[in-house]
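# What the coordinates show
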Amino acid sequence: SMGVGLRHNRGQHCLHAFFLAMKLSSKLGLVADPSELDTGIFRDMSVSERESRMRDLRRGQAIRLAALTHDIGHIAFSHCGERSLEALISERNGHPCAIPKEVYHHEARSRRKTTELLEPLLAESPIKLRPADVIGCQITNRPYGSILKDLDRLSYLVLDTKLSSCATWWKD
């Protein structure tokens, strides 16, 4: 459960963030019809139009995959687990935690796990998407990183609202 008395988990949250990313990228025209790459319409575009469309498709795909994988690096008990681990190591060592955040911080772990998971899957990507494109969407100060942060928060808001007493007025 993500909140007091609420009954959704991190997996459901990531799927919901992915759903919201699908809706957003569709509204922004960043999703291709499955046959778009094979149709004459795409082939009839100028080189610059084709490159621009491919860039848009990469952005849309990157946003969707980033939403789906953005919490993949959480350890047990999420943020509380990170703080507890840091406190435990600090207490054991007798000084502040010296372990780099890359080892246990969920954002760094998510970036590593996203790369491991997506590298083999994207090797044959017709739009030439790379794990780095997806990871770029997971970093707040990068382009599209703020979109993912907003999708993340919106997902929690929607799920919490639907599962709370406010659910009677909420509409998709």
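About the thresholds
- Residues numbered from 1 in each chain as written.
- Predicted model: local features only at pLDDT ≥ 70, side-chain atom pairs only at ≥ 80, totals over all residues.
- Heavy atoms only, no water.
- Helix = DSSP H or I, 4+ residues; strand = E, 2+ residues; numbered from the N terminus.
- Areas by Shrake-Rupley, 256 points an atom, 1.4 Å probe, with all protein chains shown as cover.
- Axes fitted to C-alpha atoms, helices over the stretch in contact; angles between N-to-C directions.
- Parallel < 35°, antiparallel > 145°, perpendicular 65-115°, else oblique.
- Left-handed = near helix turned anticlockwise from the far one by under 90°.
- Contact = heavy atoms within 4.5 Å.
- Nonpolar A, V, L, I, M, F, W, Y, C, P; charged D, E, K, R; others polar.
- Buried < 20%, exposed > 50% of the residue type's maximum accessible area, 1.4 Å probe, protein only.
- Expected span 1.5 Å × (residues − 1).
- Bend = angle between axes of the 7 residues up to and from the residue.
- Patch = residues over 30% accessible without salt bridge, like charges linked within 9 Å, V, L, I, M, F, W, Y side chains within 5 Å.
- Salt bridge = Lys/Arg side-chain N within 4 Å of Asp/Glu carboxyl O.
- Core = buried A, V, L, I, M, F, W, Y, C linked by side-chain atoms within 4.5 Å.
- pLDDT = per-residue confidence, 0-100.

### Focus on the overall build of the chain
- Regarding its fold elements, the chain presents eight helices and zero strands.
- Along the chain, helices (α) and strands (β) appear in the sequence α-α-α-α-α-α-α-α when read from the amino end.
- Put simply, the chain shows about 10800 Å² of open surface, and 57% of that area lies on carbon and sulfur atoms.

### Some details on the packing of helix α1 (residues 10-27) against helix α3 (residues 47-69)
- Orientation of α1 relative to α3, taken along the N-to-C sense of each, is 165 degrees, at an axis distance of 7 Å. In terms of axis orientation, α1 runs roughly antiparallel to α3. The handedness of the crossing between α1 and α3 comes out as right-handed. Packed against α1, whose contacting residues are Cys 14, Leu 15, Ala 17, Phe 18, Ala 21, Met 22 and Ser 25, the element α3 presents Gly 60, Ile 63, Arg 64, Ala 67 and Leu 68 at the interface.
- Residues belonging to the contact of α1 with α3 are distributed by class as follows: nine nonpolar, two polar and one charged.

### Examining the environment of Val 158
- Structurally, the position occupied by Val 158 is in helix α8 (residues 145-163).
- For Val 158, a relative accessible area of 5% translates into the label buried.
- Along the primary structure Val 158 and His 13 are separated by 145 residues, whereas in three dimensions their C-alpha atoms are 9.8 Å apart.

### Examining helix α6 (residues 106-122)
- For α6, which comprises 17 residues, the first-to-last C-alpha distance of 23 Å matches the rise-based estimate of 24 Å (1.5 Å per residue) to within 8%.
- If you look at α6, its biggest bend is around 25 degrees, right at Glu 116, and the proline Pro 120 turns up within four residues after that.
- Buried within α6 we find His 106, Ala 108, Arg 109, Ser 110, Thr 114, Leu 118 and Leu 122.

### Notes on a nonpolar patch on the surface
- On the surface, a nonpolar cluster with roughly 270 Å² of combined accessible area is contributed by Ile 72, Leu 117 and Leu 121.
- Positionally, Ile 72 belongs in the loop between α3 and α4 (78-93).

### Some details on the nonpolar core
- Ile 63, Leu 65, Leu 129 and Val 134 are the most contacted members of the largest nonpolar core, which totals 19 residues.
- Mapped by element, the contributors of at least two residues to this core are α1, α3, α6, α7 (131-137) and α8.
- The leading source of residues in this core is α3, at seven residues.
- Residue contacts for Val 134: discarding those within four places in its chain leaves Ala 62, Leu 65, Ala 66, Thr 69, Thr 114, Leu 118 and Leu 129.

### Things to note about the confidence of the model for the chain
- Mean pLDDT over the chain: 76, with 70% of residues reaching 70 or higher.
- Looking over the chain, one finds the lowest element-wise mean pLDDT in helix α5 (residues 101-104), namely 63, and the highest in α1, namely 88.

### Brief notes about the pattern of salt bridges
- Here the structure, examined in full by the defined rule, presents two salt bridges.
- Taking the shortest distance from any N to any O, the salt bridge between Asp 56 and Arg 59 comes out at 3.5 Å. Of this pair, Asp 56 and Arg 59 both sit in helix α3, separated by three residues, roughly a single helical turn.
- For Arg 59, a relative accessible area of 30% corresponds to the partly exposed category.

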